[in-house]
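# A closer look at the structure
Here are the chains, one letter per residue:
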Amino acid sequence: KEVDPIELGDLLVLNEESSARRENSKAVRDLESKIRATNKDKVVEQVAYTWFNRFTALQYMDVNGYNRVRVIAPADNQTRPEIMSDASAGVFDDDLVSENTQNIVTSLLDGRSASIDPDNEAYRYLIVSACNYWHSAMPFLFEKIADYTELLMPDDLLSGNSILVKLRDAMTPENCEDVEVIGWLYQFYISEKKDEVFAGLKKNQKVTPENIPAATQLFTPNWIVKYLVENSLGRLWMLNRPNSSLIDQMEYYIAPEEPETDFLKITSPEEIKICDPACGSGHMLTYSFDLLYKIYEEEGYDTTSIPTLILQNNLYGIELDQRAGELSAFALTMKARRKHRRFLRNPIQPNICVLENVKFQTEELNEYMTTVGRDLFTPLLRTTLTQFEESDNFGSLIQPAMRDVEGTLEVLQSKDLSGNLFLKATHDQVLKALRQADYLRQKYHVVVANPPYMGGKGMNGKLSDYAKKEYPDSKSDLFAMFMERTLALAVKRGMMAMINMQSWMFLSSYEKLRGKLLSDATLLSMAHLGERGFDTIGGAVVSTTAFVFAKERHKNLKGEYVRLIDGRNEAEKAGQFKEAIQNPNCGWFYRASANDFEKIPGRPIGYWVTDK
């Protein structure tokens, strides 16, 4: 019988007579404190997704042979997890299972320690030990477990009805050939909450910050990811290396009609910075990794050093959903491990920034300023530190007031305030705010995104007010605000690639936004998808378009446009796109100059309009 997780917590952990209260009283007190600070539903949800992320990660590593002993998956011709079968035979991997855990598990399994369900209890200890083992390599996903999270691990993990059995059925070797399976699982994990949020919108309920991820996340079809990355990162590289063989490996790349001479110069792949400001579970970034790997290879880099160089120099993700941010970092780590088998022995942490709320009291900052030096605290710095009070609401739309974040951050990081506990806490928060600001400053050669979609009617009060104040020309929808924001994140002559709703191309409410975009940038290419661009969204629910801008006005440059509005599904549109770039005379391939859009009232993106 399935038991509601909240009742489960009441019965087994919070009950006055629970064994947990006797054996791990501090963890129970921490749990009660956390519930008082938020509420029980939020705590249960957080713990549930924490274990979901860990279980999926362990299964993915099992299937791909990254765990020396499989933690979730069974050994060949067995039904129990391999690590449990080995433990029952008295065999342990000394790295994966600590000595203390070996003693506890052995005692449980041979009956020396009393337990209602010794097998399940022993297996829980083995999972915790494996998670702790991976902490040093992937702290973003495998935090050290010594708190109530362990107490709230699902109890039934070995029966035929276990969540792990269902996980193994879904995460087969075939499905785990690409790490994007993790993103698909997460999208469906939050699908029920998404339905709840949309049902609330019909009742005029606003989307609260904690529900923004469920309301706005949508997994991007693989071919569209390739189109966006190949025609931004790939195009930038081809401009700098016109003889590169990379062109032969990009099936959705549209070669410009005429050679370009005015573009962003790149001398080395290590220079390139790519950002996804709404990275979700990392789909854009993982394909960018693939393309960058080919670029480094072509430039003659040692293949064992390439994964580290990519994670260290090239890829940046920003996200307001901690769950998705963890999976994005994990996905990139797995990409690196696949390319270099020893990567996890000395891994580089991916540059994924999960934006967190940071708040300061005026007196707190004044005292901190006095201690570290008032000369550092310019009005712009003070303003920047106060811009992250609504990070979970505004996300990457936040525009830091400071420009030289990096220099100030470097100076403050050198300060040692460990002797003052009160100021140390403030110091840590200041550094957190500045690190977040550093991700949000203009420094990227390529910005690529599938941004959140949310109309003004769904926005909560604070988000709506922020949109009107900071993004008056694009306030109608989050996706439109992200068009402005992502272009601002790119350096001059950099590229912005995005998929979003097609409404910005035509509606009068976006006329000022179109004017701004066409004045400040050049539309290089577009895959106009129309309806049914996402198989996961049934019917003609949304009409979308994917496109690439260069952040500089090229008056005479014609962009390439592929009209795919008649395609009935993802596969058909992808096929039509490939046919168009191979045969420009197909009837749905167009070349048009943005100068001509200016001649049409309202400046719509009317790429198919004839000269007449």
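Quick summary incoming for the structure in this document. Computed from a predicted model, the values in this text were never measured in an experiment.

## Observations concerning the sheet that holds strand β9 (residues 589-593)
The nine strands are arranged β3-β2-β1-β4-β5-β7-β6-β8-β9 in an open sheet whose pairing can be described as mixed. Both outer strands of the open sheet, β3 (351-354) and β9, are each paired with one neighbouring strand and no more. Strand after strand, the sheet turns through a mean of 15° between neighbouring axes, direction not considered. Inspection of the sheet shows strand β4 (residues 444-449) paired to strand β5 (residues 490-501) by five bridges, in the parallel sense. Residue pairing for β5: Tyr444 is matched across the bridge by Ala490.

## Some details on the side chain of Arg337
Considering the arrangement of structural elements, one finds Arg337 in helix α16 (residues 322-339). Notably, Arg337 is buried but unbridged: the nearest opposite-charge side chain belongs to Asp62, and the N-O separation is 12 Å. If we ignore the near neighbours within four places in the chain, the residues touching Arg337 are Gly65, Tyr66, Phe343 and Leu344.

## Some details on the nonpolar core
Membership of the largest hydrophobic core comes to 198 residues, with the highest contact counts inside it found for Tyr60, Trp223, Tyr227, Phe330, Trp504 and Phe549. In terms of residue count, helix α13 (residues 222-240) provides more of this core than any other element does, eleven residues in total. In this structure, Phe330 is in contact with Ala57, Tyr60, Met61, Met138, Phe140, Leu141, Val179 and Ile182, ignoring residues within four places of it in sequence.

## Here's the deal with the environment of Ile104
Take Ile104: it is sitting in helix α6 (residues 99-109). Judged by its relative accessible area of 27%, Ile104 falls in the partly exposed class. In sequence terms Ile104 and Leu126 are 22 residues apart; their C-alpha atoms lie 9.7 Å from each other.

## What to know about unusual backbone geometry
We note that Arg493 has phi near 75°; this positive angle belongs to a residue other than glycine. Positionally, Arg493 belongs in strand β5. Phi at Arg603 is positive, roughly 50°, even though this residue is not glycine. On the secondary structure map, Arg603 appears in the segment after α26 (594-597).

## Re the state of the cysteines
Applying the stated criterion across every chain, the model contains zero disulfides. Cys131 carries a free sulfur, and the closest cysteine sulfur to it, the one in Cys176, is 17 Å from it.

## Regarding the pattern of salt bridges
Going through the model one piece at a time under the given rule, you end up with 32 salt bridges. Between Arg70 and Glu82 there is a salt bridge, and its shortest N-O distance comes to 3.1 Å. Of this pair, Arg70 sits in the loop between α4 (40-63) and α5 (82-88) while Glu82 sits in helix α5, and the two are twelve residues apart along the sequence. Relative accessible area serves as the criterion here: at 24%, Arg70 is assigned to the partly exposed category. For Glu82, a relative accessible area of 15% gives the class buried. In the salt-bridge network here, residues are joined through shared partners; they are Glu45, Lys193, Asp321 and Arg323.

## A short note on the packing of helix α23 (residues 478-489) against helix α24 (residues 511-520)
Contact pair α23 / α24: the axes reach a minimum separation of 11 Å and the direction vectors enclose 20°. By the angle class used here, α23 and α24 are roughly parallel. As α23 runs across α24, the sense of the crossing is left-handed. Residues Ala480, Met483, Glu484 and Leu487 of α23 pack against Leu513, Lys516 and Leu517 of α24.

## Details of the packing of aromatic side chains
Inspection of every chain in the model, using the stated rule, returns 26 aromatic pairs. Counting every residue linked through ring pairs, the aromatic cluster contains Phe506, Tyr561, Tyr590, Phe597, Tyr607 and Trp608. Taking the ring centre of Tyr293 as reference, the NZ or CZ of Lys339 above it sits at 4.4 Å. Its guanidinium or amino end placed over the ring of Tyr439, Lys443 lies 5.8 Å from that ring's centre, counting from NZ or CZ.

## Considering helix α14 (residues 283-298)
Helix length check: α14 (16 residues) gives 23 Å between terminal C-alpha atoms against 22 Å at 1.5 Å per residue, within 8%. With twelve of 16 residues buried, α14 is to be regarded as a mostly interior element. Within the span of α14, buried status applies to His283, Met284, Leu285, Thr286, Tyr287, Ser288, Phe289, Leu291, Leu292, Tyr293, Ile295 and Tyr296. Gly300 lies just past α14 and shows a positive phi near 90°.

What counts, and where the lines are drawn
- Residues numbered from 1 in each chain as written.
- Predicted model: local features only at pLDDT ≥ 70, side-chain atom pairs only at ≥ 80, totals over all residues.
- Heavy atoms only, no water.
- Pairing = 2+ DSSP bridges.
- Helix = DSSP H or I, 4+ residues; strand = E, 2+ residues; numbered from the N terminus.
- Axes fitted to C-alpha atoms, helices over the stretch in contact; angles between N-to-C directions.
- Buried < 20%, exposed > 50% of the residue type's maximum accessible area, 1.4 Å probe, protein only.
- Lys, Arg positive; Asp, Glu negative; His and termini not counted.
- Salt bridge = Lys/Arg side-chain N within 4 Å of Asp/Glu carboxyl O.
- Contact = heavy atoms within 4.5 Å.
- Core = buried A, V, L, I, M, F, W, Y, C linked by side-chain atoms within 4.5 Å.
- Disulfide = S-S within 2.5 Å.
- Parallel < 35°, antiparallel > 145°, perpendicular 65-115°, else oblique.
- Left-handed = near helix turned anticlockwise from the far one by under 90°.
- Phe/Tyr/Trp six-rings, centres within 6.5 Å; stacked < 30°, edge-to-face > 60°.
- Lys NZ or Arg CZ within 6 Å of the ring centre and 35° of its normal.
- Expected span 1.5 Å × (residues − 1).

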